[in-house]
Amino acid sequence: NGGGDGSGGYVYVPPQNPPVYEKPKKLKCDIKVTPSSINSGGSATITWSSKNGDSVSINQGIGSVQDSGTRVVTGITQTTTFTLTVKSNNNGSFGGNNFGNDKVECSDTVKVEVPPQNLVCSISANPTYIQNGGSTTVSWSSNGNSATLNSNSVSANGSQVFSPNNTKTYTLRVFCNNGVTQDCS
């Protein structure tokens, strides 16, 4: 039987606050390699940005990096993919329980162009002499990526029939993706 002082054996326990849910922050990443194509041994610039990560890294021996930045990579001799990995140590919690780690990755690639050792082309006309009003077939071949014949775009290998009104020289210019050109007449 309790006394008048309110200490009748009852203890007041305030209500517990419900567990608080912390919503995970969405991880974001972006990486860009420029230029997208280089010659063997060339360099490329990697530009990246990330958001909400606890750790940020780039593969290919680069390692840990800031949330965003730029880095020049030199001496690239083969097509290379750079991957940015953004990790979070806590992807949200509920009632003090972590949901574990989370990560997001994004990638971009620099392609290494391997030009032929020697850019080679050949061109011929058959017949080489024609009468006025006659025609000749000009044939060409190359190991290039594209070509022009007398400044008109043509495939790197092909043939075309012409009926010139007078003596004409046909010049094949062959192009390689790395900027090398070769002329044949």
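Above this text you will find the structure in question.
Predicted, not measured: the structure shown is a model, and the values here were computed from it. Counting restarts for each chain: residues are numbered from 1 in the order of the written sequence. Local features in a predicted model are, by the rule used here, given only for residues with pLDDT of at least 70; side-chain atom pairs are given and counted only at 80 or more, and totals for whole chains, interfaces and linings are based on all residues. As a rule here, side-chain values cover all heavy atoms of the structure and leave hydrogens and water aside.

Participant: Give a detailed account of the pattern of salt bridges, specifying residues and quantitative values.
Facilitator: Charged atoms that come close allow side chains of opposite charge to pair. Here, a salt bridge means any Lys or Arg side-chain nitrogen found within 4 Å of an Asp or Glu carboxyl oxygen. For the structure shown, the criterion picks out two salt bridges. The partner of Glu105 in a salt bridge is Lys103, with the nearest N and O atoms 3.8 Å apart. The cut-offs for exposure are 20% and 50% of the maximum accessible area for each residue type, with area from a 1.4 Å probe on protein chains only; residues under the lower value are buried, those over the upper are exposed, and the others partly exposed. Owing to a relative accessible area of 45%, Glu105 belongs among the partly exposed residues under this scheme. Of the charged contacts, one joins Asp183 and Arg173 as a salt bridge, the two residues approaching to 2.7 Å between their closest N and O atoms. In this pair, Asp183 sits in strand 18 (residues 181–184) while Arg173 sits in strand 17 (residues 172–175), placing the two residues 10 residues apart along the sequence. The numbering of helices and of strands both runs from the N terminus, where a helix is a DSSP run of H or I of at least 4 residues and a strand a run of E of at least 2.

Participant: With reference to specific residues and values, describe unusual backbone geometry.
Facilitator: For the peptide bond that leads from Thr34 to Pro35, omega is -10°, which places it in the cis range. Considering the arrangement of structural elements, one finds Pro35 in the loop between strand 2 (28–34) and strand 3 (37–39). Pro127 follows Asn126 through a cis peptide bond whose omega is -5°. Mapped onto the elements of the fold, Pro127 is located in the loop between strand 12 (121–126) and strand 13 (136–142). Although it is not a glycine, Asn52 sits at a positive phi angle of roughly 70°.

Participant: Go over the sheet that holds strand 14 (residues 146–149) with me, naming the residues and quoting the values.
Facilitator: In this description, strands pair whenever DSSP reports at least two bridges between them. The antiparallel open sheet is built from four strands, whose spatial order is 15-14-17-18. Edge positions in the open sheet fall to strand 15 (152–154) and strand 18, since each of these has one partner strand only. Strand-to-strand, the axes of this sheet are offset by a mean angle of 25°, without reference to chain direction. For every element, the axis is a line fit to its C-alpha atoms; helices are fit only across the contacting stretch, and the angle between N-to-C directions ranges from 0 to 180 degrees.

Participant: So what's going on with the environment of Ala44? Which residues, and what values?
Facilitator: Structurally, Ala44 is set in strand 4 (residues 42–51). Between the C-alpha atom of Ala44 and that of Val72, which follows or precedes it by 28 residues, the distance is 5.7 Å. Ignoring sequence-local partners within four residues, the contact set of Ala44 consists of Val33, Thr34, Pro35, Arg71, Val72, Val73, Ile76 and Val110. Only heavy atoms enter the contact rule, under which two residues are in contact if any of them lie within 4.5 Å.

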